[in-house]
Protein chains: 2
Amino acid sequence: MNSETEDELMQATYSALCKNGYASLRMQDIADESSKSKATLHYYYDSKHELLSEFLDYLYESFAERIEADEDEAPDEQLFELIELLFERDDSDSQREFRTAILEVKAQGPYDDTYREKLEKFDRLLHDSIQAIVESGQKEGVFLTTASADDIADFVVTVINGAQTRHVSVNHDVGRTKRMLVQYITEQLLADGATEGIPG
Amino acid sequence: MNSETEDELMQATYSALCKNGYASLRMQDIADESSKSKATLHYYYDSKHELLSEFLDYLYESFAERIEADEDEAPDEQLFELIELLFERDDSDSQREFRTAILEVKAQGPYDDTYREKLEKFDRLLHDSIQAIVESGQKEGVFLTTASADDIADFVVTVINGAQTRHVSVNHDVGRTKRMLVQYITEQLLADGATEGIPG
């Protein structure tokens, strides 16, 4: 498959997940969002499971690009920008549908080794990115060293997971969690506890 | 239905969810865990959906009883005990299966008004219980008033949701989140920031 076709099928999978969610998704739904037939999809991918595994890899690559820190910026700026990005609001119905599909995939973790390995990669990437920023901030003296960078990163990843789950399951306002997370970082991590330059 | 039969069927639903998860659960699986036939189950409940809705109500009642605070205790003790209880470790496979089933139900929130209403009740109960404890602690001067009890409760509920989601999806250690949450409360909320009497 050339990369153009792959891109098209990955985009089609995204659109189909937004419209149908995960559980009821059929190969036909993905074909409907592309210029290819269902038979062509089956030629490239043995099963819906294989296609969705590929899709998780595709998501991972684009997530990795999106969250890459700008090394020219100060660590505190990097951290607040990452949080902005992770909590970016897009309250369109299709976005909520997509997040729901991802939560459905997360609930498959215990049953499905392939999915779980990919979910672990996402989890680790986010954790390690945050840990690296916190470590460099601690070295530069911008951040306090009362807690380890590893523990802080772990806690922040948990908060982000919680915001996503509550957003899907009870339509909770993610902006509220963002505000409390920024406050947590300001008070527990910033060496001067300064509130200037923090996104509102 | 008498309450004994109801209890039996709710226990059977719990066991069946532990064994089968949510998506693939059939009425037969629940009947298999009880002394009743599948026909009897269908006599009481029109559908699997109706039975599971009842089950969420049953869970809610038992959760409400479990988390009821001991009003004779100091608010900080009440809060730490609630966290102990919420993070109680039971790493048996069946418990993880059950939590997975609950995450599957959470992912149904956007598609299913009945489930979502019940999930909202759980979310609100936990939020309101924490808020009440924090408020009384703030009144008594045990807790700081820098953040509102409402905001703190909201943040703690998010952290708990995140711990549950990561536990299911990537087998994350919930004990780690508990430790960071206790640290958060100690440093952000306790008026004297004392570390005595805090569960380890």
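Rules and cut-offs
Residues numbered from 1 in each chain as written. Chains lettered and ligands numbered in written order. Predicted model: local features only at pLDDT ≥ 70, side-chain atom pairs only at ≥ 80, totals over all residues. Heavy atoms only, no water. Domains from an automatic or database assignment. Contact = heavy atoms within 4.5 Å. Buried area = accessible area lost by both parts, 1.4 Å probe. Salt bridge = Lys/Arg side-chain N within 4 Å of Asp/Glu carboxyl O. Helix = DSSP H or I, 4+ residues; strand = E, 2+ residues; numbered from the N terminus. UniProt positions renumbered as here; feature names shortened; annotations may be inferred. Least-squares fit on C-alpha atoms with pLDDT ≥ 70 in both. Polar contact = N/O pair within 3.5 Å; in protein donor to acceptor, adjacent residues only side chain to side chain. Nonpolar A, V, L, I, M, F, W, Y, C, P; charged D, E, K, R; others polar. Patch = residues over 30% accessible without salt bridge, like charges linked within 9 Å, V, L, I, M, F, W, Y side chains within 5 Å. Areas by Shrake-Rupley, 256 points an atom, 1.4 Å probe, with all protein chains shown as cover. Lys, Arg positive; Asp, Glu negative; His and termini not counted. Charge placed at Lys NZ, Arg CZ, Asp CG, Glu CD. Buried < 20%, exposed > 50% of the residue type's maximum accessible area, 1.4 Å probe, protein only. Expected span 1.5 Å × (residues − 1).

Naming follows an unreviewed UniProt entry, where chain A appears as TetR family transcriptional regulator C-terminal domain-containing protein of Haladaptatus pallidirubidus.

S.K.: If you had to explain the domain arrangement of chain A to someone new, which residues and values would you point to?
M.R.: All names here are of chain A. Domain parsing of chain A yields domain 1 (1–67) and domain 2 (70–200). Contacts between the two partners involve 19 residues from domain 1, matched on the other side by 22 residues from domain 2. Taken together, both faces of the contact between domain 1 and domain 2 bury some 2,000 Å²; the carbon and sulfur share is 70%. Counting the surface domain 1 buries against domain 2, the share from its top three residues, Tyr22, Leu56 and Tyr60, is 32%. In this structure, the connection of domain 1 to domain 2 is made through two salt bridges. Glu88 serves as the salt-bridge partner of Arg66, at 3.7 Å between the closest nitrogen and oxygen. When residues in the side of domain 1 that touches domain 2 are grouped by element, the largest group, 12 residues, is from helix α4 (residues 48–67).

S.K.: Would you mind going over the UniProt feature "DNA-binding region" (unreviewed entry) in chain A in detail, with residue names and values included?
M.R.: UniProt's feature table lists "DNA-binding region" (unreviewed entry) at residues 26–45 of chain A, given in the numbering used throughout. Between the C-alpha atoms that bound residues 26–45 of chain A there is a distance of 13 Å. The span itself is 65% helix and 0% strand.

S.K.: Give me the relation of the copies chain B and chain A: which residues, what numbers.
M.R.: Note that the two copies of the chain are related through a rotation about an axis and a translation along the same axis. When chain B is fitted to chain A, the residual RMSD is 0.0 Å, and the transformation amounts to a turn of 180 degrees plus an axial shift of 0.0 Å. Classification of the inter-copy transformation places it as that of a two-fold axis. The rotation axis passes nearest to the C-alpha of B:Gly162 in chain B, at a distance of 1.7 Å.

S.K.: Run through the interface of chain B and chain A, naming residues and quoting values.
M.R.: Between chain B and chain A, the residue contacts involve 45 residues of the former and 45 residues of the latter. A buried area of about 3,900 Å², summed over both sides, lies between chain B and chain A, and 55% of it is on carbon and sulfur atoms. Where chain B meets chain A, there are 12 salt bridges. Taking the shortest distance from any N to any O, the salt bridge between A:Asp151 and B:Arg179 comes out at 3.2 Å. The tally of links from chain B across to chain A stands at 21 residue pairs in polar contact (both at pLDDT 80 or more). Broken down by secondary-structure element, the contributors of at least two residues to the side of chain B that touches chain A are α6 (93–106), α7 (113–140), α8 (149–170) and α9 (174–188) of chain B. The element contributing the most residues to the side of chain B that touches chain A is α8(B), with 16 residues. Counted by class, the side of chain B that touches chain A contains 17 nonpolar, 14 polar and 14 charged residues.

S.K.: Break down the pattern of salt bridges for me, citing the residues and quoting the values.
M.R.: Inspection of every chain in the model, using the stated rule, returns 26 salt bridges over all chains. One salt bridge connects A:Arg116 with A:Glu120, and the closest N-O pair in it is separated by 3.6 Å. Placement of both A:Arg116 and A:Glu120 in helix α7 (residues 113–140) is noted, with a separation of four residues, approximately one turn of the helix. Residues B:Asp57 and B:Lys118 are paired through a salt bridge, measuring 3.0 Å at the closest nitrogen-oxygen approach. Linking B:Asp57 in helix α4 (residues 48–66) with B:Lys118 in helix α7, this pair joins segments that are 61 residues apart in sequence. What emerges from the salt-bridge pattern is a single network uniting A:Asp123, A:Asp150, A:Asp151, A:Asp154, B:Arg166, B:Arg176 and B:Arg179.

S.K.: I'd love a proper account of a negative patch on the surface, names of residues and values included.
M.R.: Residue and element names in this part refer to chain A. A surface patch of like charges, here negative, comprises Glu61, Glu65, Glu68, Asp70, Glu71, Asp72, Glu77 and Glu81. Inspection of the secondary structure puts Glu77 in helix α5 (residues 75–86). Given the relative accessible area of 42%, Glu77 is considered partly exposed.

S.K.: Hey, could you go over unusual backbone geometry for me, with residue numbers and the actual values?
M.R.: All names here are of chain A. In this structure, Asn171 takes a positive phi of about 60 degrees despite not being glycine. By the secondary structure assignment, Asn171 is in the loop between α8 (149–170) and α9 (174–188). Residue Asn171 is classed as partly exposed on the basis of its relative accessible area, which comes to 46%.

S.K.: Residue-level account of helix α1 (residues 3–20) of chain A, with values.
M.R.: All names here are of chain A. Its 18 residues give α1 an end-to-end C-alpha distance of 25 Å, which sits within 8% of 26 Å, the value for a rise of 1.5 Å per residue. Turning to α1, its buried residues number three or more, namely Thr5, Leu9, Met10, Ala12, Thr13, Ala16, Leu17 and Cys18. Those residues of α1 that are buried are in contact with α2 (27–32), α3 (38–44), α4 and α6 (93–106). Positive backbone phi, approximately 70 degrees, marks Gly21, located one or two places after α1.

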